[in-house]
Amino acid sequence: MNFKHKYLFLLPGLLVLLAILIFPIGFTVRLSLSSWDSFYPALDFIGIENYVRLFTDDARFWEAFGRLSLLSVTTVFLQYVIGFGLALIVWKEIAFQRFFRVLFLIPMMTTPVIMTVIWRTFFHESLGPVNDILSHFNVAPLWLSSETLSKFTVMIVEVWQWTPFMFLLLLAGLLSLPKEPFLAASIDGAGPIRTFFYVTFPLMAPISIGAIIIRLIEASKIMDTVYVLTSGGPGTATETSSFYIFIKGLREFQFGYSAALSLTYLIIMIISFTIIAKLLVKLMVRGN
Amino acid sequence: MSLIASNLSFKPGNEWHLDNVCFEMSKGQIYTILGRTLAGKTTLLKTLAGLISPDEGTLTLDDRDFGSIPVWKREVAMVYQQFINYPHLSVYENVAFPLKQRRMQSDQIKARVMKALQQVGLDGFENRKIQALSGGQQQRVALARSLVKEASVILLDEPLVNLDYKLREQLREEFRNIFSSEASKDSILIYSSTDPVEAMQLGGQILVMDEGRILQQGTSKEVYENPNCTKVAQITNDPAMNLFEGRVDNGRIILSSEIDLELPQHCKGLATGSYIFGMRAAGITLNSTGFPFSVELSEISGSETFLHIRHEMIGVVGLLDSVQNFNTGEVVRVQFDTLQLYVFDQNEQLVSSPYRGLE
Amino acid sequence: MRVLYTSLKYLAVVLWSIFVIAPFLWAVSTSFKDFQSVTNGATYIPWVDFEPNLEGWRALWKSPAQGGVDIVEPFFNSVFVTASGSLISIILGTLAAYALSRFTFKAGFIRNGDITFFFISQRIMPPVVLAIPFFIMLGKFSLLDTLAGLIIVYIVLLMPIAVWIMVDFFNKVPVEIDETALIDGCNPLQVFYKVVLPNSIPGIIVAGMFCMIFGWTDFFFSFILTFTEVQLLPVAIVALNSSITPWWSLSAAALVSVAPLVLVAFIVERYLSKGNLSGALK
């Protein structure tokens, strides 16, 4: 179909989005070429100085990026495995099927920062229930103030929060699968494990890839949880890219420099997602 | 009162969906567009409806420029091969929809809708939900919706193809009755189909279409008796007309070193040279004194048997009146009924037919 | 073998359920505590481990000056911003998705797919990248610390979700229905509101739920772009986190803010089990 009316449908949304976004993006590019900070708040032009600094003299940014990669890849992997497992279980007949489906969805409906506030009391090192129970075994892990363990705590919270989203996408996918391949597999006498590897998993590959990419994109923005749980600490032990940029831009007010960080980060993200998507397609689709 | 298409062409990509289509259609008649899948039938119907704007060409209805009227003012009706209705409306509301769109008075709408529902045999179903109907009933609703408008052009795009065999036969019969009745006296009815039998049964005119072009237009009798080229001969017959190459020499038709036939009366004047010969499956029968062919496949269809047989380069399909089983590779003796022989020249154009003789 | 498989299945489900519920149970329990029962170490069961009181819940209505939290206004601010942002996003997003699913657009090298990608790709943008320019832009238009400013930002946040879900939804609805409506005398605008819209309600509800989830749970933008005049619920609650820790009112406030969206989980599950969600999510 092709009518002039088509613009009446498309343009309102497109123009509103462009109008809201053009300035921020253009301005960020310009800002990244300036030295705007709290001492000298003006849009001067210093060329690519910020970028030079970022590539040669900012180990903290790259460490934060490494940490973010570790956190997001690990948590998304765990979310995928657990989410897929749970989806497979409640996909088939099980007692209280609908109750479990609702229950497993609930965490994604909750506000991450608010639940993290609760988690902070939950993992509180002297007053929280976790260490209270562990005290019977005479251990008192430093969930929030140990450099290694704090990363682990962030992961627990992330997995709790976002496994439901993976679960939802995968269960919706499972429920939309055609019945015939499963019938054929059962006629051929394939057991549940063979059926999974030869039928379910290959059929779910496109949906899996989509779900993993969506979650990786969301996970690459991790910052709310970190802000509330550990404030990036102890030291910089749980600082992610977003959080570091936030500190530089909106705590230290180095607007120019943080703009350069933002753009570099965004471009790295776009490149990574493109590569990861291609890799996943190769890995999961060739697998069958 | 007529619909005239001239030089309609549409080429969205590298292939012509419509290639210089011309025709003239007049009111109160059924036109069947017969062609294989992807021949351009649906494109043609959508172009007539106004859903596709052709790259070139004009459409006129009663001397008015029809092609420049937007779809929603064009006063056409269309039934799709998928059962398309408005899922959120009841049967009554579905059929009333086009009339409400015209702001007709409600008592008038009611009378027209009830009449249309009665015509398609759905009286009593007014308040049903569309989803609660069977496929055949859904298609009747779609048909009622196209009738109720009393549109000047009614388009039916393979409306029966998604129904099971028995229902298809039954509905086709009903369609023919509805459309030959008073109701459609003022409409041009265009029906597309891949099935030659269906086209013949509907009567009226046939337009044979292939690769976006209209190959032949004529009454069903004309198209059946004198297909103007080999493609038409294939498209208008099920199974497709057998085609095989051979020579005419010395008053005989030489097909291979072993097979030669006598020239039948209607081919007597043929000049010496190479031709393409055509014969319907029914013209090829078993006969103990015939030529030896080996069986490639036999298909039983109802009380008949289609026999796919081959002799050297000549592969043909024969039709037997009874149910018989054959083994693959089995040698059978076959006779060609030359009284039913068609002859085409090297350019695939008809030279001689059993009904008209030599051109 | 079969018994082992079944018991493992139930074990997994029960363990995960405990993990899911644990923070909620803890929050419920904490919300009935007072200073004494919090600082004495972890306690769990009211009347057994500690003497419950309603201090935490009462604080929700008291102003901060009286030692309360006062989440009533932030609650309604959140409702207003989420609802308006979602509504505008759904309206604009559904229209755009319909155009992208049904019509062909060509401009230079740009095709439908590219425009769809432009919409959806806004989700890749980390909030922190947009935060500074938004901060400056809203400041220029005097929209910092206002509900209107937040709604504008929420449109960027939510429209990609609406477009993503609705394009998939429309792609699954046969285009012949639209064509039939055109033939029956509707112009393209009438086709949309008389035929397409009434048949798109399941898709719109799913898209609306996702917009509400992502709008209601957002923290960062309201945190950066509002200060004192306007406060949204997450910001109000997180603000408590940094002050002297009144765990009881904190827990009560958290439960109140989480409760409305938990109801959405029931609706999502209904759609999921009826198979309507798989059409809308892919």
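For clarity, every value in this text was computed on a predicted model and none was experimentally measured. (Residues numbered from 1 in each chain as written. Chains lettered and ligands numbered in written order. Predicted model: local features only at pLDDT ≥ 70, side-chain atom pairs only at ≥ 80, totals over all residues.)

Observations concerning helix α3 (residues 106–119) of chain B
Residue and element names in this part refer to chain B.
Right, on to step 1. The end-to-end C-alpha distance of α3, which contains 14 residues, comes to 20 Å, matching closely the 20 Å that a straight helix rising 1.5 Å per residue would cover.
Right, on to step 2. By the burial criterion, the buried members of α3 are I109, V113, A116 and L117. Seen end-on, α3 carries its buried residues on one side only, within an arc spanning 95°. Among the exposed residues of α3, those pointing more than 90 degrees away from its buried face are D107, Q108, A111 and Q118.
Right, on to step 3. Immediately downstream of α3, the backbone of G121 shows phi near 75°, a positive value. (Helix = DSSP H or I, 4+ residues; strand = E, 2+ residues; numbered from the N terminus. Expected span 1.5 Å × (residues − 1). Buried ≥ 20, exposed ≤ 12 C-beta atoms within 10 Å, placed from the backbone. Arc of directions from axis to C-beta.)

Description of the domain arrangement of chain B
Right, on to step 1. Splitting chain B by domain gives domain 1 (2–226) and domain 2 (242–358).
Right, on to step 2. Just the C-alpha atoms count here: the centres of domain 1 of chain B and domain 2 of chain B sit 38 Å apart. (Domains from an automatic or database assignment.)

Re the nonpolar core
Right, on to step 1. In terms of nonpolar packing, the biggest core is built from 252 residues, with L155 of chain B together with A96 of chain C touching the most fellow members.
Right, on to step 2. Aside from chain neighbours lying at most four places away, what touches L155 of chain B is L45, L48, A49, V76, A77, M78 and I190 of chain B. (Core = buried A, V, L, I, M, F, W, Y, C linked by C-beta atoms within 7 Å. Contact = placed C-beta atoms within 7 Å.)

Quick notes on the sheet that holds strand β1 (residues 2–10) of chain B
Right, on to step 1. One open sheet holds the four strands; their spatial order is β2-β1-β4-β5 (chain B), and the pairing between them is antiparallel. The strands lining the two open edges of the sheet, one partner per strand, are β2 (18–26) and β5 (64–65) of chain B. (Pairing = 2+ DSSP bridges.)

Details of the packing of helix α10 (residues 201–216) of chain C against helix α13 (residues 247–274) of chain C
Residue and element names in this part refer to chain C.
Right, on to step 1. Running from N to C, α10 and α13 point in directions that differ by 150°, and their axes come no closer than 11 Å. In terms of orientation, α10 and α13 fall into the roughly antiparallel class. In this structure, the crossing between α10 and α13 has a hand that is left-handed. Between α10 and α13, the contacting residues are V206, M209, M212, I213 and W216 on the first element and L261, V264, I267, V268 and Y271 on the second.
Right, on to step 2. A breakdown of the residues in the contact of α10 with α13 according to their chemical character gives 10 nonpolar, no polar and no charged. (Axes fitted to C-alpha atoms, helices over the stretch in contact; angles between N-to-C directions. Parallel < 35°, antiparallel > 145°, perpendicular 65-115°, else oblique. Left-handed = near helix turned anticlockwise from the far one by under 90°. Nonpolar A, V, L, I, M, F, W, Y, C, P; charged D, E, K, R; others polar.)

Some words on the environment of L144 of chain C
All names here are of chain C.
Right, on to step 1. With respect to the helices and strands, L144 occurs in the loop between α6 (127–140) and α7 (147–171).
Right, on to step 2. The exposure class of L144 is buried, given the 20 C-beta atoms found within 10 Å.
Right, on to step 3. Residues L144 and I120, spaced 24 residues apart in sequence, show a C-alpha to C-alpha distance of 26 Å.

Looking at the packing of helix α8 (residues 175–183) of chain C against helix α9 (residues 188–196) of chain C
Residues and elements named next belong to chain C.
Right, on to step 1. Axis separation between α8 and α9 bottoms out at 10 Å; the angle between their running directions is 120°. Regarding α8 and α9, the two cross each other, and that crossing is right-handed. From α8, I177, D178, A181 and L182 reach across to α9, where they touch V191, K194, V195 and V196.
Right, on to step 2. In the contact of α8 with α9, the residues fall into six nonpolar, no polar and two charged.

Section: the sheet that holds strand β16 (residues 304–311) of chain B
All names here are of chain B.
Right, on to step 1. The four strands lie next to each other as β17-β16-β15-β18, forming an open sheet whose pairing is antiparallel. If you trace the sheet from one side to the other, it starts and ends with β17 (314–320) and β18 (331–336), each paired once. When strand polarity is set aside, the average angle formed by the axes of neighbouring strands in this sheet is 50°.
Right, on to step 2. Relative to β17, β16 runs antiparallel, the two being bridged by seven bridges. Across the sheet, T305 pairs through a bridge with L320, a residue of β17.

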